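Results of the structural survey
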Amino acid sequence: MSVSQKGTPLEIERITGSLGAVVSNVDLSRALSDLTIAKIREAFLEHHVLFFRNQSLSPLQQAAFGQRFGALEDYPFVRPLAAHSKIIPVIKEADERLNFGGGWHTDLIYRPSPPLGTMLYAVQVPARGGDTLFADSIRAYQAVSSRMQQLMESLSVVYSVKHVTRPTSDSDNEDQRSRSMPTTTDLEVVESTPIHPLVRTHPETGKKGLYFSRGHTDRFEGMTPAESKPLLDWLYNHMTQPTFTARFQWQPGSLAFWDNRCVSHYALNDYHGERRHMHRLTIAGDRPV
Ligand code: SIN
């Protein structure tokens, strides 16, 4: 237990057998002590995704909290907030059908140096639905046989953002179109096909985990897409088994902070007719995979 800036103990409560913890007794809008940040980082490394409730964060305050964990990174496909160039709005309007992040994925895996983590803050959420699922890829790796682990360690995955539908691509909707932002950077990202090892050693904990995002995947290095497909499909099904997951129900003022190096996530799209509005920022990783 650590002591927050108000002198009350920071509480950390695990919410599933696999990953995820709720952190209480901390006001993220304030300048937190180095000790409190160190305790949050320790919990982040242990639980892989942290949830904070009842916060009230302006974009500047969210960015200030995010920067305590690393440099903030651009997201190339969505126009950022006017209030902060590194925070993007993730919005589904009441009349839209598509959502952002509605499939299992790992953020920005198609970049040469994938990010450390993502912070998502809930501004407005539906009365029910719109939960986010998280899956722990270290547990998924540990669950397979040693022979399968050896095979996995010999494989690298070729990624391409071309396989992803534009995140906010409801073409009939003017609001959605104005939020997407094709740029030169966008084209550079779309053209790149980075290759990452399937098994990654976490740079801070030293634990091995699967590093994989099916929706962004082209094939295994050295194999054709057709040869790769059966094992890619098996991996997807294996990694997203309920036993490796946690489910978070949002409230206005909730913030989730997940470790992109060992967690994939899925935004549920079960709330048509209601508006959901989040603010997302990405924290850069310190080195290529
Ligand atoms: C995302 O994929 O980053 C968005 C997740 C969500 O909106 O729940």
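Residues numbered from 1 in each chain as written. Predicted model: local features only at pLDDT ≥ 70, side-chain atom pairs only at ≥ 80, totals over all residues. Heavy atoms only, no water.

**Some words on the sheet that holds strand β15 (residues 263-267)**
Within a sheet, neighbouring strands are paired by backbone hydrogen bonds and run either parallel or antiparallel to one another. What counts, and what does not: Criterion used throughout: strands pair if DSSP finds at least two bridges between them. Each helix is a run of DSSP H or I of at least 4 residues and each strand a run of E of at least 2, with the numbering of both proceeding from the N terminus. Orientation is described by lines fitted to C-alpha atoms, with helices fitted over the stretch in contact, and by angles between N-to-C directions that extend from 0 to 180 degrees.
Read across the sheet, 3 strands follow the order β13-β7-β15 without closing on themselves; strand pairing throughout is antiparallel. Either end of the sheet is taken by a strand with one partner, and the two such strands are β13 (245-248) and β15. The sheet shows a mean angle of 20° between the axes of neighbouring strands, direction not considered. Where strand β7 (residues 132-136) lies against β15, 5 bridges are found, and the strand directions are antiparallel. Across the sheet, L133 pairs through a bridge with Y266, a residue of β15.

**Here's the deal with the pattern of salt bridges**
Test applied: Salt bridges are counted wherever a side-chain nitrogen of Lys or Arg sits within 4 Å of a carboxyl oxygen of Asp or Glu. Three labels apply to residues, based on accessible area from a 1.4 Å probe with only protein chains included: buried if under 20% of the type maximum, exposed if over 50%, partly exposed otherwise in between.
Enumeration according to the criterion identifies 14 salt bridges in this entry. Ionic pairing is found between R275 and E93, a salt bridge with its closest N-O pair at 2.8 Å. One end of the pair, R275, is in the loop between β15 and β16 (276-283); the other, E93, is in the loop between β5 (87-92) and β6 (117-124), and 182 residues separate them in sequence. For E93, a relative accessible area of 14% corresponds to the buried category. Where D233 meets K229, a salt bridge forms, and the shortest distance between an N and an O atom there is 2.6 Å. Placement of both D233 and K229 in helix α7 (residues 225-239) is noted, with a separation of 4 residues, approximately one turn of the helix. Classification of K229 as partly exposed rests on a relative accessible area of 44%.

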